Amino acid sequence: MDPSVRKRTLRLMSNGMYVMTSSHGEQHGAATLTWISQASFKPPLVMAAIRPTSNVFKCLSESRVAAIHILDAGQQEMAQRFFSPTRVVDGTINGEPFTPGVTRAPILPNAHAHAECEVRHIFSRGDHAVVVLEVIEAECDGEIHPLTVAESPWEYGG
């Protein structure tokens, strides 16, 4: 297989841009993710591929909870903030205010939609772990046109 063709082909898969947050005790983790998809209606499951070296993965592995924030197409700046390592300063994560949700995972009020989840299973293989999460709470304020990788200046995958 030609690696450049494989990379180009895999980058054609449609991916949204999300911010995932989690906490364990006083530790917080947050990251922009692109590999998230709904996996089941009953129960409502989503799956996410996450780097096991990230702070968000470490937190959700311990606490077994996370929040997935769906970004609007106009929120590229917010997505970019979470490409950097997690910094918690004065009630913000990477400059974004947050409050604890039902699960105690950090909720970013500037994201207009989010789902709070409990971890059901973690599959470890490759450079990303696949995490299966059950949605236990969801909020959506108004109309949202989700930000996608294709509409952003970034590429991820391949």
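See above for the structure.
Residues numbered from 1 in each chain as written. Predicted model: local features only at pLDDT ≥ 70, side-chain atom pairs only at ≥ 80, totals over all residues. Heavy atoms only, no water.

Chemist: Please explain the pattern of salt bridges as it appears in this structure.
Modeler: Enumeration according to the criterion identifies 4 salt bridges in this entry. The salt bridge partner of Arg81 is Glu77, with a shortest N-O separation of 2.8 Å. Taken together, the residues Arg81 and Glu77, both in helix H3 (residues 76–81) and 4 residues apart, mark about one turn of the helix. Among the residues examined, Arg81 registers a relative accessible area of 27% and is labelled partly exposed. For Glu77, a relative accessible area of 56% translates into the label exposed. Residue Arg81 is joined to Glu96 by a salt bridge in which the shortest nitrogen-to-oxygen separation is 2.2 Å. One end of the pair, Arg81, is in helix H3; the other, Glu96, is in strand E8 (residues 96–97), and 15 residues separate them in sequence. Put simply, Glu77, Arg81 and Glu96 are held in one network by salt bridges that share partners. (Salt bridge = Lys/Arg side-chain N within 4 Å of Asp/Glu carboxyl O. Helix = DSSP H or I, 4+ residues; strand = E, 2+ residues; numbered from the N terminus. Buried < 20%, exposed > 50% of the residue type's maximum accessible area, 1.4 Å probe, protein only.)

Chemist: Help me understand the pairing of strand E5 (residues 65–70) in this model?
Modeler: Along any regular strand the residues' side chains alternate between the sheet's two faces. E5 sits mainly inside the fold: 5 of its 6 residues count as buried. Note: strand E1 (residues 18–24) against E5, 4 bridges, orientation antiparallel. Counterpart to Tyr18 in the pairing with E5 is Ile70. (Pairing = 2+ DSSP bridges.)

Chemist: Explain the pairing of strand E4 (residues 45–50) to me, please; I cannot follow it from the model alone.
Modeler: Of all 6 residues in E4, 5 are buried; the element is thus mostly enclosed. Note: strand E3 (residues 36–40) against E4, 4 bridges, orientation antiparallel. Within the sheet, the bridge partner assigned to Ser37 lies in E4 and is Met47. Once E3 ends, the chain turns through 4 residues before running back antiparallel as E4. Relative to strand E12 (residues 128–140), E4 runs antiparallel, the two being bridged by 6 bridges. The partner of Val46 across the bridge, within E12, is Leu133.

The values reported here are purely geometric and, on their own, carry no functional implication.
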